[in-house]
Each structure stands twice: as C-alpha cells, then as structure tokens.
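# Chains, contacts and geometry: an overview
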Amino acid sequence: MRLSASSSSSFGRHSPGRSNYSRSFELPDDLDDTGGGPMLPIFLNGLSQSNPQDLVEVTLELEEDSVVVCSVTPTRDEPRLERNLSVTSRIRRKFPWLRSTSNASDISMEEEMQVEESRVMSARDARRIGARLQRTRSSAQQALKGLRFISKSTSTRACDAEESWRTVEARFHSVSKDGLVAREDFGECIGMVDSKEFAVGIFDALARRRRQKIAKITKEELYDYWLQISDQSFDARLQIFFDMADSNEDGRITREEVQELIMLSASANKLSKLKEQAEEYASLIMEELDPENLGYIELWQLETLLLQRDTYMNYSRPLSTASVGWSQNLSSFRPKNVMQRVTGTLRCLILENWQRGWILLLWFIVMAGLFAWKFNQYRNKAAFQAMGYCLATAKGAAETLKLNMALILLPVCRNTLTWLRSTRARSFIPFDDNINFHKTIACAIAIGIFIHAGTHLGCDFPRLVNSSPEEFALIASDFGNKRPTYKGLLSGVEGVTGIAMVALMAISFTLATRHFRRNVVRLPAPFNRLTGFNAFWYSHHLLGLVYILLFVHGTCLFFTHQWDQKSAWMYISVPLLLYIAERSVRTCRSEHYSVKILKVSVLPGNVFSLIMSKPQGFKCESGQYIFLQCPTISPFEWHPFSITSAPGDDYLSVHIRIVGDWTQELKRIFTEGSDLPSVIGRAKFGTLLGQIEQRSQPRLLVDGPYGAPAQDYKNYDVLLLVGLGIGATPFISILRDLLNNTRPEEQQYSTTETSRSDDSLNSFTSSSLTPGGKKKSQRAKSAHFYWVTREPGSFEWFKGVMNEVAEMDHKGQIELHNYLTSVYEEYDARSTLITMVQALNHAKHGVDILSGTRVRTHFARPNWKEVFTKIASKHPYTTVGVFYCGMPVLAKQLKKLSYELSHKTSTRFEFHKEYF
C-alpha cells in the first residue's frame, strides 16, 4: 500500500496554517491491524492484506492538530468505484477523529458516496441473484448445451471420450517433435486446423491455470488439456472461455479484453469486417452487461449473456427468425398401422410422380409398339430366311431410333415450352423435367444404336455374306444379283453414313456428360480443350450433320425401295422444322433485343451485375431467365442467367458469377473497356435511367425470356424458396413481385417512380400494375426464403431487396433467412461471442452485423428437417411449392424431405429444381 500526505487540498484549495508536506512510502508487510489502534498506517496496511494485489493511494491533509482524509484512489488504471467507497467509509468509521476540509460538505459527501455505493452494489447484486434464477428456466437449459470447444465438425465424430482421445493422440504423434507439441500446433491436435489463433488462446488460458508460461507441452499435459476442453459441464467450458479473455487473471474482464476476444472469434471465422468494428461491439457488450459503469464484468455476467441467448434472438423481427407459436405435434398426421402407411406411401408416390409416370409410360408403349410392328414386318419378308431374327431386331431398333431422334428435339424447343407453360398443359405435363427427359431420350438412342449397329455388324451382315445360294437367291434382286462382301457393306452409302453418325454422336454424347461438361476430367494440353462448356456447346452442333446423314441413311435402304415406305423423314421432319424455326426466331429476336447497358456493378464474391434497358415489347414473369450473347467475345456462345428485376420494372437486371473464361471476359469488357459507370465493392445506383450517355459500348444481345420452374410460384399459396450462393437470383424477382403485391391498396394503383437506394442497385421497386393497367393476379400469400452462402460479401448482392422487404412487409408474409456457412455453428465457442454481438446489435439498432440489413444472419447450415417440419405445422392441409436453385447434392435432400413430410403430415410439398 502506498500512503501519501500532501499539504494541498484535493479540491484545489490551500488551507492556512497547514504544513506544506508531501510524502509517499510503502508499509512493511509484517504489521498487523490492531483493530482500532492509534496508528492509522497500521490499519491502512490491514486493508491491503485483504487483497495483496490491489494498492490504494490515500491522500491526507495535515493540520497542526488534525489529519484530514481527502481521497482514496486505486493505483491501477481501472475504475474501482465500489472499493474506493468501501475503503473510505471504513477509514472514517475506524478513525472518527479524521475530518474533512469542510465538515458540513464532508458529511454531505460521505452520505452521497455511501448512498451511491449502496445503490451500485445492490443493483449488481440484484442482477446476480436474477442470473442464478435464469439458469432454471427452460430456455437457459437449451443454452447450457452450447459453448462447445469440440463441435461435430472439429471433433473425431466418436461416440465416446476414449476414441476421441485416440484420434487426438494420433495427431499428437504426427505433429510432435521430441515428444513435445508446440503451442502453434495445439489447434491441429484438437481438431481446430482452421482456427489456430483461437486454439492458441485456449492453450494460453489453460497454461495460466497451471501458473505456467510455456511454448510446448507433453502428451500427458495435452491429455489434461483435452479433458478440460471436452468436459461436458457448461460451467467448466464457461470458465475456460472466461479465462481466455481474462489475460491478467484478476477475475474481471474489461472492454479491451472483450475486444481482444471478439477479434479472436472474428479471425477464427474469417470475418475481416467484424475485426475492424471489434471496438464498437465490445462497447456494446459492456453497455449491456455493465449498466453500473464499473468498467468490468465478472463470470456470472458473461454466463447471463450466454444463457439469455434465445431472449436476445427473439428481439429480431419475425422475418429473420422462425415464427413462434407453431405446433410441433405431428403425431396426429402419422399413420397408425402398416396398411395406412403403405397406402399413404403409394398415395404420395402417385401424387409426386403421376405426370412423369404417364409420359414415360406412353413413351415406352409407343416404342414397344413400333419395335414390335417393324419386327413382325421383317419376319414376314424373304430376307428373314437369309438373315433371321438379327435383321428383324435391327429394324425394330431402327424404328425406335427414328422416333427418339424426333422426340429429342422437343424438350429443347424453349419458346414452345415457355408458351405451353402458360396453358393448361402445365397441369399434366412436367415441363420442369424437360432436360431430364432430353437426357433420358439420349440414353434410349444410345441403347438403340448399340442394338441396331451391333446386330448389323455382328449378326445379319455376316449371315448375309455367308448365306447359301438358295437363301441369297430370295434377296438377290435387292443387291443387284451380286453377293455383297462384308467390306462392301461397310463402304456403301448405308455403311458410311451409319458409321459417321455413330462417330459424331459418340463425340457429342461423351462431351455432354457431366465429367466433361463441368471440367471434372483433367486432360493434358492440348486435349484439355475437349472439356468444359465450350466443348459441350460446339460438339452438340455436330448433331446437325447427324440429321443430314440420317436423311441419307434412311433413304438408301437395302430392302425398301418405295419412297412412301421410307419413314425416317416422316418422323423427323416436323420436330426438325420446329427446332429450325425456333433457332431462326431466336436469331431474329436477339438482333431486335439488342440492349443498352445502363449500369455495371462489381460486387463481392466474384459477382457483377448488369442493368440493361428493357427492349420494346419484352415481357417476362418472375422466375424466368434469359440468354446473353456478346459478339465481341464470341458470336456463337449464349449463356443463361436468371432475371433479378421484377416484371413491372422498366429495366432488366441480371447477376453474373465469374466461373469461366466467358464471364471473366464479359466483366473485363464492361468494367475496363467501356465508359460506363462502374462501382467496385458495394453496388450503388444514383443516376437516373436514360441519362447515361452510351459511348463505344460493346453489343449485348438478349434472347428470351424462357420459362423456368420458379415461374410456377403463382400456383401455390405457400412458397419455400431455397437458393445457394448465386442460386438466389431466380427468387429475387419473385420476392420483389410478392413485395409489390403486399403494398397498401391505395399504393398499388398509384403511379410510382423507381426508387433508388445508395446501398444497392437491387433496391429498385416498381408498381405492381402490368403495362396494361390491370392488377396482376397473385395467389402466393406466404413465402419462406432461405439463402445459404459461404461468403459474407454475398449479402451485398441483394441488400436493397432485403431492406425493402423488412420495411414494407407489414403483414409478415415474407420470411427471410440468411445462412452463412463459413461461420461455425451457433453453439460453437468460436462463434458464441459473435452470435451474442449480432443479437445485441440487432436488438438495439435493428441491423445485422454481417449483412448490414434488417435480416438476421444465421450461422452454419440450416436444419432442413426442422425447416420443413415447422412449415408443415404452420400451414396444415396446404400445398407448399418448394423451389430450389443450387448444387445437386442438396437437391436430393430437399426432394427426399418433400416426399417424407408429404407422407407424414397433412401438408403436401411439391419440389421444383432449377435447370439450365
């Protein structure tokens, strides 16, 4: 303890007759408090023994016959108000002969300080008692499961502690040197490979418990550390988390220490933006947990923050959290016996697949009928005597090939399909599966070629060449009365055209497979040009030659000579003409739909957006897509992109992710090689449409719009929209369309100009009226939008739309759920503090710390089963349209859940996946 005496008053005044004396000294530790002895220094030393680590500075004023206590302050920088007040009161109670410079003011001040001391400490004690009661509540019991240092993703996925330790031990042996593992490798040992800084923080906290400051540990010490961080007790985990912040081991966490822990958590989750604002968020936590403004928080306060997690979460708007009050009792929907389960399963299968089923059944029946008809026809011909069933089988397969070569063109006639989607045909034809049907027919063609060519080359051709004179005499007229040779059959018109068709289709089919089209196959140069979308696109144009060869091949037949019996042209003429007409319309329309680029915005996450003038006469629906071509890059390549503007907008907008050379070149041309305004970073739009001068702008051609599964959203009362990354684009237009229809009735018929937001180009809004002045029909009344992305910067893409929904959806018809998978799950220790900061900031300011919108961001991946279950509970006896755009892996899971929940509940889920 330091004792200071001074002649000057603490209040800036000098008292006459007092000595001008100042002294500081340390008291010996062996002096004891005599409990009221005459020596003040001895008593003061007794105060210090209650906590040897704390020093207080007592300022006294000495007069001729008295000693005045002016102040008692700590020597440390932290404000310790309650301790100062306590020490002052104890001194004056012990030594009543001490007086102040002004007795009246001193008495008043002492009373005020005692009242303040009592108020501050009673308030904190009351909150401490309340915190203890909080642990008994059900919401707190759920939170007690959190704060895991070893999560499912970082653990060994073992069922017991022993197996977990064996894996950790194996990691220790792989990274240790001389039987010791370095502090920097601790994270790799315990499974935190991507969070080494956070793991070092755990290491240091556990080392401080041992009163050690070490850089390496043995296997025995590692085992002790592992037992502590894998402890199932919440209190044990909480103490470790507290110790990580309490670097000076005083049992208190200051704002600076909270800031350091936030930065550590942000680093573990790769949130650089959050690190920049760590000081602000640390102040936010201190403001919440330290209302007395003492400058520190204790263990129980941190515990309170974590246990009240759900309370803070509920402050968020309903659009960013799951709706409360949903019934979770689904048992009434579950069948009671085996017969009901079987019946229910069959019913769901029929409802889910009846459209596909009748199309495929009809297709199989037609193919089987054609095969049987042609097979029987050749059984009754003279050639059957020489070539047998081989000829009949080859001709039967050829008949199915003619049909399939005609049918395969229909699923890619996009204009026709788009028109049919608007008719009643959509109720019994599964237009969403057009590409799948296209691929299925291609597989049937491959099988037909194998049977047709295989039987010709391996069966009936050898039998014809080796036939007896009597057998050949029956068909000699078909070969000019000259027995053909095997080489002659292959070198003839029929053989050459057949082999050429097989070769061309083999190339086209191979390069169209997923492994080649998506660059899964890695080939050395120059063969690497055979992989990728370009190889698929150009090789598919080889099929134009195939159809020409098919006409020739189907005309030059050995056993059919009358033109009306040569049926190849009959099969393929109409579909081929329809396809040629479609391509012609596409070419003419793209020339007419040449657009002007109004705005180019470069967004985070390798994405850029284009705002284009809407061509005259261009009409689209939400969920549709367009093809873009830039002749400067390639006059042949067309690429599909979902429309992100609403149908009523007077412009077109698309968001493009850079995933290949074409998109990379498109970005370069429109951001570097033009005079267009470009925004790097956050998309902004502050210029009136039509005021941008177009100078030396590259041409951009538009083809479309084309129908997509998402445009059928109007057929459902409830929507579940799921987008992965850039896969959210088809649903942005839908959200904006729904938003326009949720506005007040008086605003729907008013003329509204396009609103512009400084935060995002996507904040455009438009009237919900069609150009004809009629109100658009809208069936969907509720929508649940789930956007799952890996990069925090992705939220900048549609920030304006998110904010508009939050501000204008007063009825709560649209629920928005953002999920960031790069952040660890919400109960992981690495994201715990970020979760609380996020909830506090959203509750106080209404803004999410990651997306910058009013929509709260969730961490890790959604629990899709829980999502479906809650929607089924909220909307019983309803058909929910599930629309998905993203990776195929999740599509399988969502489709399976749609089937399962349709079977187990009264809600029917109809799944639709976006295809291009």
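Residues numbered from 1 in each chain as written. Predicted model: local features only at pLDDT ≥ 70, side-chain atom pairs only at ≥ 80, totals over all residues. Heavy atoms only, no water.

This paragraph deals with the overall build of the chain. In terms of regular secondary structure, the chain is built from 32 helices and 19 strands. Surface accessibility of the chain: about 43,700 Å² in total, with carbon and sulfur atoms responsible for 56%. (Helix = DSSP H or I, 4+ residues; strand = E, 2+ residues; numbered from the N terminus. Areas by Shrake-Rupley, 256 points an atom, 1.4 Å probe, with all protein chains shown as cover.)

The strands making up a sheet are joined through hydrogen bonds of the backbone, oriented either antiparallel or parallel. Spatially, the 6 strands line up as an open sheet ordered β17-β16-β15-β14-β18-β19, and their pairing is parallel. The open sheet has two free edges, formed respectively by β17 (857-859) and β19 (908-913), since each of these has just one partner strand. When strand polarity is set aside, the average angle formed by the axes of neighbouring strands in this sheet is 20 degrees. As defined by bridge partners, strand β14 (residues 718-724) adjoins strand β18 (residues 879-885) across 6 bridges and the pair is classed as parallel. Among the inter-strand pairings, L719 is bridged to a residue of β18, identified as G881. Helix α31 (residues 864-874) contacts β14, β15 (782-789), β16 (814-820), β18 and β19 of the sheet and is inclined by roughly 170 degrees relative to β15. (Pairing = 2+ DSSP bridges. Axes fitted to C-alpha atoms, helices over the stretch in contact; angles between N-to-C directions. Contact = heavy atoms within 4.5 Å.)

A few words on the nonpolar core. Judged by nonpolar contacts, the single largest core of 91 residues is most densely connected at F149, F198 and I202. Those residues within four positions of I202 in sequence are excluded, and the remaining contacts are F149, F186, M192, I229, I240 and M244. (Core = buried A, V, L, I, M, F, W, Y, C linked by side-chain atoms within 4.5 Å. Buried < 20%, exposed > 50% of the residue type's maximum accessible area, 1.4 Å probe, protein only.)

Before going further, it helps to examine the sheet that holds strand β9 (residues 625-629). With antiparallel pairing, 3 strands are arranged side by side in an open sheet as β10-β9-β13. Looking at which strands have only one partner, the edges of the open sheet turn out to be β10 (639-642) and β13 (701-706). Mean inter-strand twist for the sheet, computed between neighbouring axes without regard to direction, equals 30 degrees.

It is worth spelling out the state of the cysteines at this point. Per the stated rule, a full pass over the model turns up 1 disulfide. Residue C390 pairs covalently with C459 via a disulfide, S to S 1.4 Å. Of this pair, C390 sits in helix α16 (residues 383-407) while C459 sits in helix α18 (residues 434-465); the two residues are 69 residues apart in sequence, bridging distant segments of the chain. A relative accessible area of 13% places C390 in the buried class. (Disulfide = S-S within 2.5 Å.)

Residues K439, R514, R518 and K892 make up a contiguous surface patch of positive charge. Mapped onto the elements, K892 comes out in helix α32 (residues 888-904). Look at K892 and you get exposed, because its relative accessible area is 66%. (Patch = residues over 30% accessible without salt bridge, like charges linked within 9 Å, V, L, I, M, F, W, Y side chains within 5 Å. Salt bridge = Lys/Arg side-chain N within 4 Å of Asp/Glu carboxyl O. Lys, Arg positive; Asp, Glu negative; His and termini not counted. Charge placed at Lys NZ, Arg CZ, Asp CG, Glu CD.)

In terms of residue burial, β9 counts as a mostly covered element, since 5 of its 5 residues are buried. Burial along β9 is two-sided: Y625, F627 and Q629 facing one way and I626 and L628 facing the other are all buried. Examined bridge by bridge, β9 and β10 share 4 bridges and lie antiparallel to one another. Note on β10: the bridge partner recorded for I626 is F641.

Our focus in this paragraph is the pairing of β13. Of all 6 residues making up β13, 6 are buried, and the element is well covered by its neighbours. The sheet contact formed by β9 and β13 spans 4 bridges and is antiparallel. Within β13, the residue paired with Q629 across the bridge is L701.

What follows covers the pattern of salt bridges. With the rule as written, the count across this model stands at 24 salt bridges. Ionic pairing is found between R255 and E279, a salt bridge with its closest N-O pair at 4.0 Å. Here R255 is found in helix α10 (residues 255-268), whereas its partner E279 is found in helix α12 (residues 278-289), with 24 residues between them in sequence. Using a relative accessible area of 24% as the deciding quantity, one classes R255 as partly exposed. The partner of K874 in a salt bridge is E815, with the nearest N and O atoms 3.3 Å apart. Taken together, the positions of K874 in helix α31 and E815 in strand β16 put the pair 59 residues apart, joining distant regions of the chain. It is possible to trace a salt-bridge network through shared partners that takes in R183, E184 and D204.

The next subject is the packing of aromatic side chains. Considering all chains together, one arrives at 27 aromatic pairs under this definition. Centroid distance W165 to Y223: 4.8 Å. Interplanar angle 65 degrees. Geometry classified as edge-to-face. Here W165 is found in helix α5 (residues 161-175), whereas its partner Y223 is found in helix α8 (residues 219-229), with 58 residues between them in sequence. Residues W787 and F798 carry aromatic rings whose centres are separated by 5.4 Å and whose planes lie at 50 degrees to one another, so their mutual orientation is tilted. On the criterion of sequence distance, the pair formed by W787 in strand β15 and F798 in the loop between β15 and α29 (799-808) is long-range, its members being 11 residues apart. Summarising the burial analysis for this pair, W787 and F798 share the class buried. One aromatic cluster is present, built from ring pairs that chain together F371, F375, F384 and Y389. The ring centre of Y296 lies 4.4 Å from the NZ or CZ of R252, which sits over that ring. Seen from the ring of Y378, K381 lies directly overhead, with NZ or CZ sitting 4.4 Å from the centre. (Phe/Tyr/Trp six-rings, centres within 6.5 Å; stacked < 30°, edge-to-face > 60°. Lys NZ or Arg CZ within 6 Å of the ring centre and 35° of its normal.)

Take the environment of K487 next. Assignment of secondary structure puts K487 in helix α20 (residues 486-491). Distance from K487 to V465, taken between C-alpha atoms, is 10.0 Å for residues 22 residues apart in sequence.

Within the chain, residue pLDDT values average 76, and 72% of them lie at 70 or more. This stretch, residues 675-695, has a pLDDT under 50; its non-local contacts, to residues over four places away or in other chains, come to 54 contacts. (pLDDT = per-residue confidence, 0-100.)

Backbone torsion omega between A525 and P526 reads 5 degrees, so that peptide bond is classified as cis. Here the bond from G704 into P705 is cis, since omega is 0 degrees, no more than 30 degrees from zero. Take P705: it is sitting in strand β13. Its identity as a non-glycine residue notwithstanding, K270 has a phi of 60 degrees, on the positive side. Position of K270 relative to the elements: it lies in the loop between α10 and α11 (272-276). The phi angle at N606 is positive, at roughly 60 degrees, despite the residue not being glycine.

Turning next to α8. Those residues of α8 that fall on the buried side of the exposure criterion are E221, L222, Y225, W226, Q228 and I229. Along the long axis of α8, the arc covered by the buried residues comes to 160 degrees, so they all point the same way. (Arc of directions from axis to C-beta.)

Turning our attention to the packing of α10 against α12. Helix-helix packing is described using two parameters, namely the angle between the two axes and the distance between the axes. It is the contact of α10 with α12, at a shortest axis distance of 8 Å, that shows an interaxial angle of 125 degrees. By the angle class used here, α10 and α12 are oblique. As for the relative orientation of α10 and α12, their crossing is right-handed in sense. Judged by residue contacts, R255, V258, Q259, I262 and M263 of α10 engage A278, E279, Y281, A282, S283, I285 and M286 from α12. Residues belonging to the contact of α10 with α12 are distributed by class as follows: 8 nonpolar, 2 polar and 2 charged. (Parallel < 35°, antiparallel > 145°, perpendicular 65-115°, else oblique. Left-handed = near helix turned anticlockwise from the far one by under 90°. Nonpolar A, V, L, I, M, F, W, Y, C, P; charged D, E, K, R; others polar.)

With respect to the helices and strands, the residue S653 is situated in strand β11 (residues 651-657). Not counting chain neighbours up to four residues away, the residues in contact with S653 comprise L610, I611, S642, I643, T644 and S645. Side-chain polar atoms of S653 contact the side chain of T644, separated by 2.8 Å. One polar contact links the side chain of S653 to the main-chain amide nitrogen of S645, over a distance of 3.2 Å. (Polar contact = N/O pair within 3.5 Å; in protein donor to acceptor, adjacent residues only side chain to side chain.)

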